Amino acid sequence: MPHHSTHSHNSQPYDVLLRLESREIEKFLFNRPFYRPQKMWERSMKGLLSLVRRTKPSSFTYLCEKNGESLTDKMDELACFAPGMIALGSLGYGPGESQKFLSLAEELAWTCYNFYQSTPTKLAGENYFFHSGHDMSVGTSWNILRPETVESLFYLWRLTGNKTYQEWGWNIFQAFEKNSRVESGYVGLKDVNTGVKDNMMQSFFLAETLKYLYLLFSPSSVISLDEWVFNTEAHPIRIVTRLDNGENLGGLDGQQKHFNRLRGRKEGRQADN
């Protein structure tokens, strides 16, 4: 039976559709309606909405997992890339739908932040289970310095200018400093409840986690989302606009014609104030 979730093994199809559309990749791709990334994105979001659940009593919003016809009230920290992805995707809708998806992104980000806040070390476990009347409980309790939550905080900060996301990011960074910092770098935790350390620093901690934390506190002009798109491994790729004949538009003027169509991203709201 097919298994549907938004953890890392399944994240790239959703993410890539959004990033393909934002880069206006190849003319032949857009001339085939079935393969148009925006349409595929919209269909996939309908499926994602069917996985949205809310807890009692605190009304944490989460994405459950689907295995065949069975739903499991479980969400991985790996799925916490979804708030940032959904927030970016909200820019492609009209005002009503856009606000609906942005609100969902913000609700999911609050849940992901509470994955961190709910443990003694203030670092998130690998996954969480949700039970009626008990909100959330940590399942697999290790932490390996993952980037997904701070990635979403970065995008939400750039798109809304809400300094709350910087505060959350700072709290997560301080928890890494307190619990994971060692003389030669940073290590994960075997158990976020006890704080017992492992002996490994994953490469994505430097390539993604710290990069997104740095950008969370940088001006919106630093790797502007109007000029760059991040791939799923946090590598920035410059956006190049194409003419109908496949030629690149040269210079900033050509790029600006494209950027002006991307509503809501130009200034990162009042992010630099």
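Below, the structure is looked at part by part. None of the values given here were measured: they were computed from a predicted structure. Chains are numbered independently. Their residues run from 1 in the order of the written sequence. pLDDT decides what is reported in this predicted model: residues at 70 or higher carry local features, side-chain atom pairs at 80 or more are listed and counted, and totals for whole chains, interfaces and linings draw on all residues regardless. Hydrogens and water molecules were not included; the side-chain quantities draw on all heavy atoms of the structure.

1. Some thoughts on the state of the cysteines
Note on disulfides: each one is a pair of cysteine sulfur atoms within 2.5 Å. Inspection of the entire model under this criterion finds 1 disulfide. Between the sulfur of cysteine 80 and that of cysteine 112 lies a disulfide, 2.1 Å long from S to S. Disulfide cysteine 80-cysteine 112: torsion about the S-S bond near -95°, hence left-handed. Taken together, the positions of cysteine 80 in the loop between β6 (74–76) and α4 (82–89) and cysteine 112 in helix α5 (residues 95–117) put the pair 32 residues apart, joining distant regions of the chain. The exposure classification of cysteine 80 matches that of cysteine 112, with both residues buried. Think of it this way: any DSSP run of H or I at least four residues long counts as a helix, any run of E at least two long counts as a strand, and we number them from the N terminus. For every residue, the accessible area obtained with a 1.4 Å probe (protein chains only) is divided by the maximum for its type, and the residue is called buried under 20%, exposed over 50%, and partly exposed between those limits.

2. Observations regarding the environment of leucine 159
If you trace the backbone, leucine 159 turns up in helix α6 (residues 148–160). For the pair leucine 159 and alanine 87, spaced 72 residues apart in sequence, the C-alpha separation works out to 7.7 Å.

3. Side note on empty space enclosed by the protein
Site definitions follow a grid-based scheme: protein atoms alone, a 1 Å grid, a 1.4 Å probe that fits but cannot get out for cavities, and for pockets an open set with protein on both sides within 12 Å along at least five of seven lines, plus lining residues having an atom within 4 Å of a point. Grid points are joined across faces, edges and corners, and a volume is the space filled by probe spheres set on the points. By the definition in use, this model includes 2 cavities of 30 Å³ or more. Here the second largest cavity defines a volume of roughly 30 Å³. Three residue categories are used. Nonpolar comprises Ala, Val, Leu, Ile, Met, Phe, Trp, Tyr, Cys and Pro, charged comprises Asp, Glu, Lys and Arg, and polar comprises the others, including Gly. Tallied by class, residues from the lining of the second largest cavity come to 4 nonpolar, 2 polar and 3 charged.

4. Quick notes on the pairing of strand β8 (residues 135–138)
Walk down a regular strand and you will see the side chains alternate between the two sheet faces. Taken together, the 4 bridges between strand β7 (residues 127–131) and β8 define a ladder with antiparallel strand orientation. Within β8, the position partnered with tyrosine 128 by the bridge is valine 138. Strands are labelled as partners when DSSP assigns at least two bridges between them. Connecting the antiparallel pair β7 and β8 is a turn made up of 3 residues, with glycine 133 showing a positive phi of about 85°.

5. Thoughts on the side chain of threonine 209
By the element assignment, threonine 209 lies in helix α8 (residues 203–216). Residue threonine 209 is classed as buried on the basis of its relative accessible area of 0%. If we ignore the near neighbours within four places in the chain, the residues touching threonine 209 are Leu145, Arg146, Pro147, Val150, Phe176 and Phe204. Contacts between residues were defined by any pair of non-hydrogen atoms, one from each residue, lying within 4.5 Å.

6. Some points on helix α3 (residues 37–49)
Expected helix span is computed as 1.5 Å times (number of residues minus one). For α3, built from 13 residues, the straight-helix expectation of 18 Å at 1.5 Å per residue is met to within 8% by its first-to-last C-alpha distance of 18 Å. Among all positions in α3, only Pro37, Gln38, Trp41, Ser44, Met45 and Leu48 are buried. All buried residues of α3 fall inside an arc of 125° around its axis, so they share one side. As used here, the arc is the angular range of directions from the helix axis to the C-beta atoms.

7. Observations regarding the packing of α6 against helix α7 (residues 164–179)
Every axis in this analysis is a line fitted to C-alpha atoms, fitted for helices over the stretch in contact. Angles between the N-to-C directions lie between 0 and 180 degrees. Contact geometry for α6 and α7: axes closest at 9 Å, N-to-C directions at 155°. When the axes of α6 and α7 are compared, the pair comes out roughly antiparallel. Two packed elements cross with a definite hand, and for α6 against α7 that hand is left-handed. Contacts between α6 and α7 involve Thr149, Val150, Leu153, Leu156, Trp157 and Thr160 from the former and Tyr165, Gln166, Trp168, Gly169 and Ile172 from the latter. Class assignment for the residues of the contact of α6 with α7 results in 7 nonpolar, 4 polar and no charged. Roughly parallel refers to an angle under 35 degrees, roughly antiparallel to one over 145, roughly perpendicular to one between 65 and 115, and oblique to any angle outside these ranges. Crossings are classed by handedness, with left-handed meaning an anticlockwise turn of the near helix from the far one by less than a right angle and right-handed meaning a clockwise turn.

8. Some details on the pairing of β7
Bridge count for β6 against β7 is 3 bridges, and the pairing is antiparallel. In the sheet register, aspartate 76 faces β7, and the bridge partner there is asparagine 127.

9. Quick notes on the packing of α3 against α4
Closest axis-to-axis distance for the α3/α4 pair is 12 Å, and the angle between their directions is 135°. Considered as vectors, α3 and α4 are oriented oblique to each other. Considering the relative orientation of α3 and α4, their crossing is left-handed. In contact with Trp41, Met45 and Leu48 of α3, α4 contributes Met85, Ile86 and Gly89. In the contact of α3 with α4, the residues fall into 5 nonpolar, 1 polar and no charged.

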